[in-house]
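Take a look at the letters that make up each chain.
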Amino acid sequence: MSLRTTINLNAGWTFTGPAGGPCPVDIPHTWNAIDGQDGGNAYGRGTCLYEKTFPKPEFGADQRVYLEFRGVNASARVALNGSEGGSHDGGYSTFRWDVTDFLAEENRLTVHVDNSRNDRVYPQKADFTFYGGIYRDVLLLIVHKDHFELDYCGGEGLKITSGVDGRDGRVRVETFHRTAGAQVRVKLTDAAGKTVAVGTGTDITLAVANVRLWDGVKDPYLYTCEVTLVVDGMEVDRVSARFGVRTFHIDPEKGFFLNGHSYPLHGVSRHQDWKGTGSALTREHHERDMALIREMGANTIRLAHYQHDQYFYDLCDQYGMVVWAEIPYISEHMPNGRENTLSQAKELVIQNYNHPSIVVWGVSNEITISTRDKKDMLDNHRALNDLYHQMDPTRLTTLACYAMCGSFNRSAHITDVVSWNLYLGWYVPGLFLNDLWMGLFHLLYPKRPLGYSEYGCEAMPNLHSSKPRRGDHTEEYQCVYHEYMLGCFDRHPYLWATHVWNMFDFAADGRDEGGKHGQNQKGLVTFDRKLKKDAFYLYKAHWSREPFVHLCGSRYVDRAEEVTEVKAYSNQPSVTLYVDGHELETREGGPVFRFRVPLTGEHSMEARAGDHSSVILVRKVDEPNPDYVFNKAGDVVNWFDKEDLDPACYSVHDTLGEIAKCPEANAIVEQMMEAAADQPGGRGRQRKGQSGAETDDGPDDPAKPAEAGGGRGARGGRQAAQRGAAAV
């Protein structure tokens, strides 16, 4: 029985924003659902006003009323009946205010929400839209005056730490409250509701006999911990949380282990936005995202680049997804934002500690893109790393390095494990460089666990080619790219985790790629979740046990070649192709099955694998369909490459021949070529005709060599003579 009352305040707000107002809105809401996705990087960033009136809730003299916000981006200033309730900086976490003493019979709630540019609150520079708004639930929470802690970092006063002792589970339950002399009763129940352990105390360890482990996607078994606060013999407050019992470790040679068994982590990254909706997601949106991720067979999710909705972490627990959770300390170190990184990290841990799905806390993402004060940045990283370990010694820390951040960069050697965002084969020619890079890093640091936190390439479902190549934005090249990467990971089984960038296309209002404005189109599923790109089925063929077959190219109808390649993805041992009802050929092996088919007119093609089939229509045409071709000139350019291209510096607009004319610049290129895997793209630029390139910081260990791959140009430079790039 609940001892609390929750009242939802999502309905009936008024909003005054960039277009004026007030106008009626319901929560969840963002004012950037449209202009944050249409390109131009001119979406509304500033302070907007939300207002709501509501009657005084019923509560007793011995109760308190809290106002709870579960997500307001990025800063909030809250007032009730003219009384200021303080402010909150950080757009992705829960915060509360005890409003009991400010309530009237009729109440006017005002919230000023600010997503404007500043140098204090993260994120400020990244390849995604910073949606402004109250985009998660707003609640009134009525509790007894003696209750579990609600005033610290948005937590609920309950901390559950599990372990394994032989066949039994060991569950430590810590509770936090401010009532002297109160008693805490603890009860653990299994998934069927049966009590498996009870005890009393604010810090108690209970045994669960013959414990059933939380075992990833195979068996994500969850128990429930219920704690009750008792004062003078009366139960006054109760909190519960689901938890799992599991162990894990990461071996630098063998990768990730769950419950003592090898458990290779292969999965995706996810942003929390949808086309036309932005970040104002409902539970149905979250459930649809999880269903698509599960269909593909992923077993890990990197929840980038900030704290996600609690409901999605709950889904990860429920379905066995291993999670990388992180804060939006991203792209640029801001000395005035140090305190904000620490506060967001505290909230992330306090609010998410009990989720068994989470195994690593992320410190930062691509922080070296435009950081100038490296000493302060490194100190900030050490402070965050220490904070995570202090608050949670049971989990590991990690970070995602920028492609131009070299293997020896100090920032890459602070956390327990490390991953890299690398787009070799997309922003940089040469898919083989992925093998070289992984191999060389592992050779240099055989005891340092390495992962791939981002990799991918853009694909537009309306663009196609019989000869796909890097930069054409076709569905076919996305398939070529990911086919290679999956093989590459098989050749490097020591990687602790790999995460595709991205599961879904997402809003990045500053982008203009592939003919579509305001979106990053590296997703395996379109922004509206209506279309699974062909590469989605490649991963399903590798990862899923659900039998299926998929013929690629259903949107590539018009083909000018005399003989076309038809490709099927399947997790079945053989696939047979039928053309116009006649059996052409059977291929075995997989999961990629290739067929060569002569074209003479319009053909129906069907792939069969057991009881499963897939059909496409192909038509022979005289000339290639111009609608399939992306005609924008120029190479693939990343979001940060568009800024500050100093004409006095070598950049992606210079050929290698032009760079070779400058001895200093050519030396950098040669060094990078020699250490191709170490510095695929370099870290900086060499000024034309200028020598004396400044070198990057070396690792913390002075015995280790300095930054490999040469130096960089004047401080603040971000373009290399030969380009390597990553996308946030």
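Residues numbered from 1 in each chain as written. Predicted model: local features only at pLDDT ≥ 70, side-chain atom pairs only at ≥ 80, totals over all residues. Heavy atoms only, no water.

Student: Explain the environment of Arg-587 to me, and be specific about the residues and the numbers.
Tutor: Positionally, Arg-587 belongs in strand S39 (residues 582–588). Once you skip the residues sitting within four places of it in the chain, Arg-587 turns out to touch Pro-573, Ser-574, Val-575, Phe-593, Arg-594 and Phe-595. Within polar-contact distance, the side chain of Arg-587 engages the side chain of Glu-585 at 3.2 Å. (Helix = DSSP H or I, 4+ residues; strand = E, 2+ residues; numbered from the N terminus. Contact = heavy atoms within 4.5 Å. Polar contact = N/O pair within 3.5 Å; in protein donor to acceptor, adjacent residues only side chain to side chain.)

Student: Hey, could you go over the state of the cysteines for me, with residue numbers and the actual values?
Tutor: In this structure the tally under the stated criterion is zero disulfides. Here Cys-479 stays free of any disulfide, with the sulfur of Cys-552 as its closest cysteine sulfur at 4.8 Å. Classification of Cys-479 as buried rests on a relative accessible area of 2%. (Disulfide = S-S within 2.5 Å. Buried < 20%, exposed > 50% of the residue type's maximum accessible area, 1.4 Å probe, protein only.)

Student: How would you sum up the nonpolar core? Please name residues and give values.
Tutor: Ile-293, Trp-420, Tyr-452 and Met-503 are the most contacted members of the largest nonpolar core, which has 100 residues in total. Cys-48, Tyr-50, Ala-76 and Leu-140 belong to the second-largest nonpolar core, a separate cluster that totals 27 residues. (Core = buried A, V, L, I, M, F, W, Y, C linked by side-chain atoms within 4.5 Å.)

Student: Please provide a residue-by-residue account of helix H6 (residues 475–491), values included.
Tutor: Taking 1.5 Å of rise per residue, 17 residues should cover 24 Å, and H6 covers 25 Å from first to last C-alpha, within 8% of that figure. Most of H6 sits out of view: twelve of its 17 residues are buried. Residues of H6 that are buried include every one of Glu-475, Glu-476, Tyr-477, Gln-478, Cys-479, Tyr-481, His-482, Glu-483, Met-485, Leu-486, Cys-488 and Phe-489, and no others. Those residues of H6 hidden inside the fold are in contact with helix H5 (432–444), strand S31 (450–454), strand S32 (498–500), helix H7 (534–543), strand S37 (563–570) and strand S40 (592–598). (Expected span 1.5 Å × (residues − 1).)

Student: Would you mind going over the pattern of salt bridges in detail, with residue names and values included?
Tutor: Applying the stated criterion to the full structure yields 45 salt bridges. A salt bridge links Arg-238 to Glu-235, with the shortest nitrogen-to-oxygen separation between them at 2.7 Å. When its relative accessible area of 34% is taken as the criterion, Glu-235 is described as partly exposed. One salt bridge connects Arg-491 with Asp-435, and the closest N-O pair in it is separated by 2.9 Å. (Salt bridge = Lys/Arg side-chain N within 4 Å of Asp/Glu carboxyl O.)

Student: So what's going on with the pairing of strand S3 (residues 20–25)? Which residues, and what values?
Tutor: The sheet contact formed by strand S2 (residues 13–17) and S3 spans four bridges and is antiparallel. Bridge assignment links Gly-17 to a residue of S3, and that residue is Gly-20. (Pairing = 2+ DSSP bridges.)

Student: Help me get a handle on the sheet that holds strand S12 (residues 138–144), residues and values and all.
Tutor: Strand order across the open sheet formed by four strands is S1-S12-S5-S9, with antiparallel pairing between neighbours. The sheet terminates laterally at strand S1 (5–8) and strand S9 (95–98), the two strands that pair on one side only. Neighbour to neighbour, the strand axes of the sheet diverge by 25° on average, direction disregarded. The pairing of strand S5 (residues 63–69) with S12 spans seven bridges and is classified as antiparallel. For Arg-64, the partnering residue across the bridge sits in S12 and is Val-143. (Axes fitted to C-alpha atoms, helices over the stretch in contact; angles between N-to-C directions.)

Student: Any details on the packing of aromatic side chains? Residues and values, ideally.
Tutor: Aromatic rings considered in pairs are described by the distance between their centres and by the relative angle of their planes. Applying the stated criterion across every chain, the model contains 31 aromatic pairs. Ring plane angle 20° and centroid distance 5.9 Å describe the contact between Phe-15 and Trp-31, whose orientation is recorded as stacked. Of the two residues, Phe-15 is situated in strand S2 and Trp-31 in the loop between S3 and strand S4 (47–55); the sequence distance between them amounts to 16 residues. Looking at Trp-31, the relative accessible area reads 10%, which means it is buried. Note on Trp-437 and Phe-441: the rings are 5.5 Å apart at their centroids and 15° apart in plane angle, and the pair reads as stacked. A residue pair is termed a helical-turn pair when its members lie 3 or 4 positions apart in one helix, as Trp-437 and Phe-441 do in helix H5 at four residues. Of the two residues examined, Trp-437 and Phe-441, each falls in the buried class. Connected via pairs of aromatic rings, a cluster forms that spans Phe-408, Trp-420, Trp-437, Phe-441 and Tyr-445. The positively charged end of Arg-302 is found above the aromatic ring belonging to Trp-324, 4.6 Å away from the centroid. Positioned over the ring face of Phe-548 is Lys-540, at 4.7 Å from the centre of the ring. (Phe/Tyr/Trp six-rings, centres within 6.5 Å; stacked < 30°, edge-to-face > 60°. Lys NZ or Arg CZ within 6 Å of the ring centre and 35° of its normal.)

Student: How would you explain the environment of Tyr-427 if you had to name every residue and give the values?
Tutor: Checked against the element boundaries, Tyr-427 lands in the loop between strand S30 (418–421) and H5. With relative accessibility at 1%, the residue Tyr-427 sits in the buried group. Between the C-alpha atom of Tyr-427 and that of Val-636, which follows or precedes it by 209 residues, the distance is 5.8 Å. Polar contacts involving the side chain of Tyr-427 include one to the side chain of Lys-522, which spans 2.8 Å.

Student: An account of the sheet that holds strand S13 (residues 158–165) is requested, with residue identities and associated values reported.
Tutor: A sheet is described by the order of its strands in space; here three strands give the open sequence S13-S14-S17, paired in antiparallel fashion. Here the strands that pair on one side only, and so sit at the sheet edges, are S13 and strand S17 (203–208). Strand-to-strand twist in this sheet, taken as the mean axis angle between neighbours without regard to direction, amounts to 20°. Bridge count for S13 against strand S14 (residues 168–175) is eight bridges, and the pairing is antiparallel. If you follow Asp-165 over to S14, its bridge partner there is Asp-168.

Student: Lay out unusual backbone geometry in plain terms, naming residues and giving numbers.
Tutor: The linkage connecting Ile-27 with the following residue, Pro-28, adopts the cis geometry, with an omega of 10°. By secondary structure assignment, the location of Pro-28 is in the loop between S3 and S4. Cis geometry is adopted by the peptide bond preceding Ala-74, which originates at Asn-73 and carries an omega value of 5°. Note on placement: Ala-74 falls in the loop between strand S6 (72–73) and strand S7 (75–80).

Student: Please set out helix H3 (residues 338–352) residue by residue, giving values where relevant.
Tutor: If you check H3, its first and last C-alpha atoms are 21 Å apart, about what 15 residues at 1.5 Å a residue would give, namely 21 Å. Along H3, the positions that sit buried rather than exposed are Asn-340, Thr-341, Gln-344, Ala-345, Glu-347, Leu-348, Val-349, Gln-351 and Asn-352. Residues of H3 that are buried in the fold lie against strand S8 (83–89), helix H2 (310–319), strand S27 (322–326), strand S28 (358–365) and helix H4 (374–391).

Student: Explain the packing of H3 against H4 residue by residue, including any values.
Tutor: Running from N to C, H3 and H4 point in directions that differ by 20°, and their axes come no closer than 10 Å. Classed by the angle they form, the pair H3 and H4 counts as roughly parallel. Along this stretch, H3 crosses H4, giving a crossing that reads as right-handed. On the side of H3, the interface is formed by Arg-338, Thr-341, Leu-342, Ala-345, Lys-346, Leu-348, Val-349 and Ile-350, while H4 contributes Asp-376, Asp-379, Asn-380, Ala-383, Leu-384, Leu-387, Tyr-388 and Met-391. Its residues assigned to classes, the contact of H3 with H4 comprises ten nonpolar, two polar and four charged. (Parallel < 35°, antiparallel > 145°, perpendicular 65-115°, else oblique. Left-handed = near helix turned anticlockwise from the far one by under 90°. Nonpolar A, V, L, I, M, F, W, Y, C, P; charged D, E, K, R; others polar.)

Student: Which residues make up the confidence of the model for the protein, and what values go with them?
Tutor: Here the protein averages 90 in pLDDT, and 88% of its residues register 70 or above. Contacts from residues 675–728, a stretch scored under 50 in pLDDT, to residues over four places away or in other chains number 208 contacts. (pLDDT = per-residue confidence, 0-100.)

Student: Which residues make up the pairing of S17, and what values do they have?
Tutor: Only one face of S17 is covered, namely the one carrying Ile-204, Leu-206 and Val-208; the face carrying Asp-203, Thr-205 and Ala-207 has none of its residues buried. One ladder, built from six bridges, connects S14 with S17; its direction is antiparallel. Bridge pairing in S17 links Arg-172 to Thr-205.

Student: Can you lay out the side chain of Glu-174 for me, pointing to particular residues and giving the numbers?
Tutor: Summarising the element assignment, Glu-174 is placed in strand S14. Taking relative accessible area as the criterion, Glu-174 reaches 11% and is therefore assigned buried. Not counting the four nearest positions on each side in its chain, Glu-174 is found in contact with Gly-157, Leu-158, Lys-159, Thr-161, Thr-202 and Asp-203.

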